[in-house]
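Residue-level listing of the chains:
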Amino acid sequence: MDIQKSLLHNPQFQFGAITFFAKQHKGDTCGSNGLPLTPNSITVYGRAQLLKIIENPYLCQYIDIIRGKHERTVVVSQYCGKPLTACLNTDNLNVDNIKKIAYQILKGLEELQKRNIVNRNLSTENVLLMEDNNIKVFNYGLYYMTGNGQYVAFPVMSVLYTAPEVYLSKPSSTYSHPKGDIWSLGIILAELVINKPLWNSLKLGQIIRKIMSLLTANGSVFERITREHNCYEKYSELPADLKDLINSCLTVYPSNRPSVQDLLKREIFNNIAPSPMKTKSKVCKPFQNFTIMEFYHWWQLAGGDVLLELKKQGLIRTSPPILSLPKAVLMDGNILGLERNFNLLYDPKVVLMPLDTLYRRFSHIPLSSYYPLIHINSDIIKKSEPPQYDASNLPLVIREKDPEYQFHRTILMRRLLHGYPFTRNLIIKESEKDIPPLLRGNIWAALLHVKGDYEKEYAKIDKTTPTPTDRQIEVDIPRCHQYNELLSSSVGHNKLKRILKAWVSKNSQYVYWQGLDSLTAPFLYLNFNDEAKAFACLSSFIPLYLHNFFLKDNAAVIQEYLAKFMQLISFHDPTLANHLHNINFIPELFAIPWFLTMFSHVFPLHKILHLWDKLILGDSSFPLHVGLSILTQLRETLLNSGFNECILLFSDLPEVDIEQCVTSSLKSYNITPRSITYRKHQNENEKNIENMDEMGITVQELNRERCPRIHFTDVVKLVNEEKAIIIDIRNPTQFSRYAVRGSLNIPFSSVTFGSPVLESIGPHGATLKNNTEKVVVVVGTEDTDLELFPKFLLECKVSRVCVLHGGFNVLLPVSPTILYTPNSPIL
Amino acid sequence: MANRTGTAQRPNGQTQGKICQFKLVLLGESAVGKSSLVLRFVKGQFHEYQESTIGAAFLTQTVCLDDTTVKFEIWDTAGQERYHSLAPMYYRGAQAAIVVYDITNQDTFGRAKTWVKELQRQASPNIVIALAGNKQDLANKRMVEFEEAHAYADEHGLLFMETSAKTAMNVNDIFLAIAKKLPKNEQAGAPGGGGQGRRLVDGDTGPKAAGNCCK
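Computed from a prediction, not measured in an experiment: that's the story for all the values here.

(A) Representation of the overall build of chain A in the model. A tally of helices and strands in chain A yields 39 helices and 16 strands. Overall size of chain A, expressed as C-alpha extent along the three principal axes, is 120 × 75 × 50 Å. Here chain A, with 827 residues, has 55% of them falling under the buried criterion. Carbon together with sulfur atoms contributes 53% to the accessible area of chain A, which is approximately 37,600 Å² in total. Side chains of chain A give 87 positive and 80 negative charges; the mean places of these two sets differ by 5 Å.

Put into structure tokens, the structure is as follows:
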């Protein structure tokens, strides 16, 4: 129990939030493309995503960025330990501690520098000392996420710690050299040595004056600081190496000030053993059974609400709406009298998030649940496993909101993902239940066979050379799922553009069709910080589900696909198919955006994710079933509508219940023999039915034949499982020689296709009328008309009608087991 | 379907004027504002981030013109050149077309000219074509001069207006101008003849009269 507690109550798994306002655009301004300017909070939101992937022992991890009302941004970050300011005026820190702190801050800065991030916000307040005497730097990304301060109206800096050159640079200058951070480090170390805050009693302006006065100091800045604080003895007693370090940090000229790398090489740090590093594997990162990201997610599911906490602690104050009315609105749309109180733009206060609710909620979870077994061969061990948390009967949306269920799913899926690709089959099995939202990006990548070297592959592709397609991509991106914050941010636009350009450049046999942008959006959304993975997923997805759809001339592929779609509707829903046929409502008019983008152009992102969760588990015929299930959901309206009403319905697609859609697609997918949806243009790798295309069914034939063809292997299977009604339309002589066991002989010549009533085909009509489950296979020969009869059945509203491809004779050589001679007794 | 091919019945049994139904197609380079024009005309709305159109979209709107009610069946097509092969399916049998370009982009005007040529060659001979220079609200970024487009339109017998789906400028006007120009005489088309939305599909050889009208 204690271990379990320590797993959950990990002191590192604590987080806090800060908040600020982004600069507001004035009035109704437009960009050069005529579109409104992207709100700065969205730009910040997009930039801040990168910070979330920085994992370093000396940096607090960024967890979440939340956009509030009126350009407010809330940043949630790991926050553990207490700020160094709390250690001042105590005897907690000795010289060795200070050296270690210096080293760890430098290591943190080194990580940031690797990513071209300047901190600009380093201060004693923003360095957190943990109980194990290690530190973590906090709030180091503010300058970066605000575009070096350009998207906010307040200066990003800590006054006391800011290097003199920053004060000397132009106020409009948005670039700061990383060496400014070294100066800040020097001030922090000086404070720690003196053991009290510097110029504590001075006002803001006076502090800045003090810093500027240091510019003219002769000799050591550090020495002067200690003298000013009446503690020169501390300076003189300080070991030479530390004194030297602080002195070099506080070098006035940035060019003479050493860099992070210079400082890290110093002898002073030789004895400071880097904190015990876990053995680094070349293959994969060390396994954590959950991370702070997941912990935060569970916290949210268990009722944690960052904005609410900020309100409780007074960081977000609501004012009466009447106060937010403008004083005057000019004719040109400019608004006067709504200036925000400058002092409220940024509040450095950090609000810690209470974790008790989550702790309580999870307190009963046994340790073994943190380490679920994956392969179990022994029953005894199986029994010792705790019973699974059962939520399988609950609707998906509820399961996704259940903290405990998500805990189990996440723990399990993380384990499986860690073992990918060896665990791929288990991942598939678990994904069939559901996919935990937090790991969706990685799970999809696993399901799509994304390989380990995807980053290298992506790096190799040309994503910058201008091409004639660029104009199209550029006009499409600002229209692609722009309600989503990530995709509407400028970082998102750039990423999407690069992925699309990469795809076009990698697949020279294909071209950019409008819609490819929508298709890419879900992958980018899920892998926002891993462009290469988004690209790899897209590259695997297209051959699986959209093989040859992006050919320059894709007419044949699309026409075949749509014809198959129509046949599938006939197969499952004759009434609807007849209606659509009669009003000439052909799929060409409404279903192209559905299939070309796998519905990503017609549904909002959250629906696409749930839809694709299942789509990715199926083969290339699954989307046809999704299309069918959408029609089924709108069935009543469609049946009661004429052409115009139907097409209007699809021009502005009404609300579709995705969970219901997925369920009914799965149902029809599972009961449809595979050869029914066979396409000549589907991916070769997926074709396991040979011979089907030997006869080469042309698109014209497909469009004419209202019922699909079925392959004999499926027929044999269905007959053996007694799931078929075989209607043999050959003449009685042929029939009496050989026929399929249990088949009904309705000679083609005996039927008059007058009115569509089943009675006109004789006694067998009743069998067909009562059929609800079985597949009706029409078997003829090449001489018989194989279109008229099935069409007749369809018009009689017989469902699941299909035609044996190749006619009766294909059964002769391959499957004598299902045949018999009707005129002789069965042996 | 009474309102499609019959005389409109008022609740009190009084008869109203004629009802005419016309098929109209929008063509033009992508992102010039075709869908936005339709959305403004049909729903009075404007979306800054109007999604791109794949394939085509269909909408209807009715306008009143003196004693005649004109119902537009509007096919809004995809702008990308690649979708070109689908276009004939939509403009075949259309009585009217709006060819749209973006006044801030010279290339889109060139593309509009190509569409006009294609329509004059391949669409119904009596098709009424209007040229719309959209995004007039961005006139300060103008790349296509009004006079240039106007002269071109005159030369080719097109209706011409500069429009703005964003500010609604000239949007209803251009549709009304088309409605006025469309023939509404009885001999122009048999009742229920060409021009209904359903008549556009492949293989359909139904009447392609320049207007179908009923008393």
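This is not the end of the story, as more comes after the structure.
(B) Inspection of the interface of chain B and chain A at higher detail. Residue-level contacts link 38 residues of chain B with 38 residues of chain A. At the boundary of chain B with chain A, total buried surface from both sides reaches about 3,200 Å², with 56% on carbon and sulfur atoms. If you sort the residues of chain B by the area they bury against chain A, Tyr49(B), Ile54(B) and Arg82(B) come out on top, with a joint share of 22%. On the surface where chain B and chain A come into contact, there are 1 salt bridge. Note that Glu29(B) and Arg471(A) form a salt bridge whose closest N and O atoms lie 3.6 Å from each other. At the junction of chain B with chain A, the criterion picks out 9 residue pairs in polar contact (both at pLDDT 80 or more). Elements with a contribution of two residues or more to the side of chain B that touches chain A: strand E2 (56–65), strand E3 (68–77) and helix H3 (87–91) of chain B. Ranked by the residues each element gives to the side of chain B that touches chain A, the list is headed by E2(B), at 5 residues. Split by residue class, the side of chain B that touches chain A holds 17 nonpolar, 10 polar and 11 charged.

(C) View of the pairing of strand E4 (residues 96–102) of chain B. Residue and element names in this part refer to chain B. The buried count for E4 comes to 7 of 7 residues, which makes it a mostly enclosed element. Neither face of E4 is open: one carries Ala96, Ile98, Val100 and Asp102, the other Ala97, Val99 and Tyr101, and all of them are buried. As paired strands, strand E1 (residues 19–27) and E4 are joined by 4 bridges and run parallel to one another. Within the sheet, the bridge partner assigned to Leu27 lies in E4 and is Val99. Here E4 runs beside strand E5 (residues 128–134); their pairing, made up of 7 bridges, is parallel.

(D) View of the UniProt feature "domain: Rab-GAP TBC" (unreviewed entry) in chain A. Mapped onto this numbering, the UniProt entry annotates "domain: Rab-GAP TBC" (unreviewed entry) at residues 434–619 of chain A. Along residues 434–619 of chain A, the helical share is 60% and the strand share 0%, with 18 Å between the first and last C-alpha atoms.

(E) Highlighting the nonpolar core. Phe541(A), Phe550(A) and Trp594(A) are the most contacted members of the largest nonpolar core, which has 236 residues in total. At 10 residues, helix H6 (residues 179–194) of chain A tops the list of elements feeding residues into this core. Not counting the four nearest positions on each side in its chain, Phe550(A) is found in contact with Trp503(A), Tyr510(A), Val511(A), Trp513(A), Leu516(A), Leu519(A), Ile542(A) and Leu596(A). Judged by nonpolar contacts, the second largest core, of 31 residues, contains Leu37(B), Phe41(B), Ala177(B) and Leu182(B).

(F) Spatial organisation of the sheet that holds strand E6 (residues 135–137) of chain A. Residues and elements named next belong to chain A. Spatially, 3 strands are ordered E4-E5-E6 in an open sheet, and the strand pairing comes out antiparallel. A strand with exactly one partner marks an edge of an open sheet, and here the two such strands are strand E4 (82–83) and E6. Here E4 runs beside strand E5 (residues 127–129); their pairing, made up of 2 bridges, is antiparallel. The residue of E5 that forms the bridge with Lys82 is Leu129.

(G) Seen up close, the side chain of Ser124(B). All names here are of chain B. Structurally, the position occupied by Ser124 is in the loop between helix H4 (106–122) and E5. The buried category is assigned to Ser124, whose relative accessible area is 9%. Polar contacts involving the side chain of Ser124 include one to the main-chain carbonyl oxygen of Ala94, which spans 3.4 Å.

(H) Layout of the side chain of Lys99(A). For Lys99(A), the location among the structural elements is in helix H3 (residues 95–114). In contact with Lys99(A), not counting residues within four places along its chain, are Asp241(A), Leu242(A), Ile268(A), Phe269(A) and Ile272(A).

(I) Representation of the pattern of salt bridges in the model. Counted by the stated rule, this structure contains 41 salt bridges over all chains. Across the pair Arg409(A) and Glu430(A) runs a salt bridge whose closest N-O atoms are separated by 2.6 Å. Linking Arg409(A) in helix H17 (residues 403–418) with Glu430(A) in helix H18 (residues 424–433), this pair joins segments that are 21 residues apart in sequence. Overall, the relative accessible area of 9% leaves Glu430(A) in the buried class. In this structure, Glu162(B) engages Arg142(B) in a salt bridge whose closest nitrogen and oxygen atoms are separated by 2.7 Å. Taken together, the residues span a long stretch of sequence, with Glu162(B) in strand E6 (residues 159–162) and Arg142(B) in the loop between E5 and helix H5 (146–155) at a distance of 20 residues. Several salt bridges converge on common partners, so that one network encompasses Arg399(A), Arg409(A), Glu430(A), Lys433(A) and Asp434(A).

(J) Quick peek at the pairing of strand E14 (residues 775–779) of chain A. All names here are of chain A. In terms of residue burial, E14 counts as a mostly covered element, since 5 of its 5 residues are buried. Pairing of strand E11 (residues 724–728) with E14, which is carried by 5 bridges, proceeds in the parallel orientation. Within E14, the position partnered with Ile725 by the bridge is Val776. Alignment of E14 against strand E15 (residues 801–804), held across 3 bridges, turns out to be parallel. Residue Val777 lies in a different strand from E15, and its bridge partner there is Cys802. A crossover links E14 with its parallel partner E15, the connecting element being helix H38 (residues 788–795), and its sense is right-handed.

So, how was this worked out
- Residues numbered from 1 in each chain as written.
- Chains lettered and ligands numbered in written order.
- Predicted model: local features only at pLDDT ≥ 70, side-chain atom pairs only at ≥ 80, totals over all residues.
- Heavy atoms only, no water.
- Helix = DSSP H or I, 4+ residues; strand = E, 2+ residues; numbered from the N terminus.
- Buried < 20%, exposed > 50% of the residue type's maximum accessible area, 1.4 Å probe, protein only.
- Areas by Shrake-Rupley, 256 points an atom, 1.4 Å probe, with all protein chains shown as cover.
- Lys, Arg positive; Asp, Glu negative; His and termini not counted.
- Charge placed at Lys NZ, Arg CZ, Asp CG, Glu CD.
- Contact = heavy atoms within 4.5 Å.
- Buried area = accessible area lost by both parts, 1.4 Å probe.
- Salt bridge = Lys/Arg side-chain N within 4 Å of Asp/Glu carboxyl O.
- Polar contact = N/O pair within 3.5 Å; in protein donor to acceptor, adjacent residues only side chain to side chain.
- Nonpolar A, V, L, I, M, F, W, Y, C, P; charged D, E, K, R; others polar.
- Pairing = 2+ DSSP bridges.
- UniProt positions renumbered as here; feature names shortened; annotations may be inferred.
- Core = buried A, V, L, I, M, F, W, Y, C linked by side-chain atoms within 4.5 Å.
- Right-handed = clockwise from strand over helix to strand, strands pointing away.

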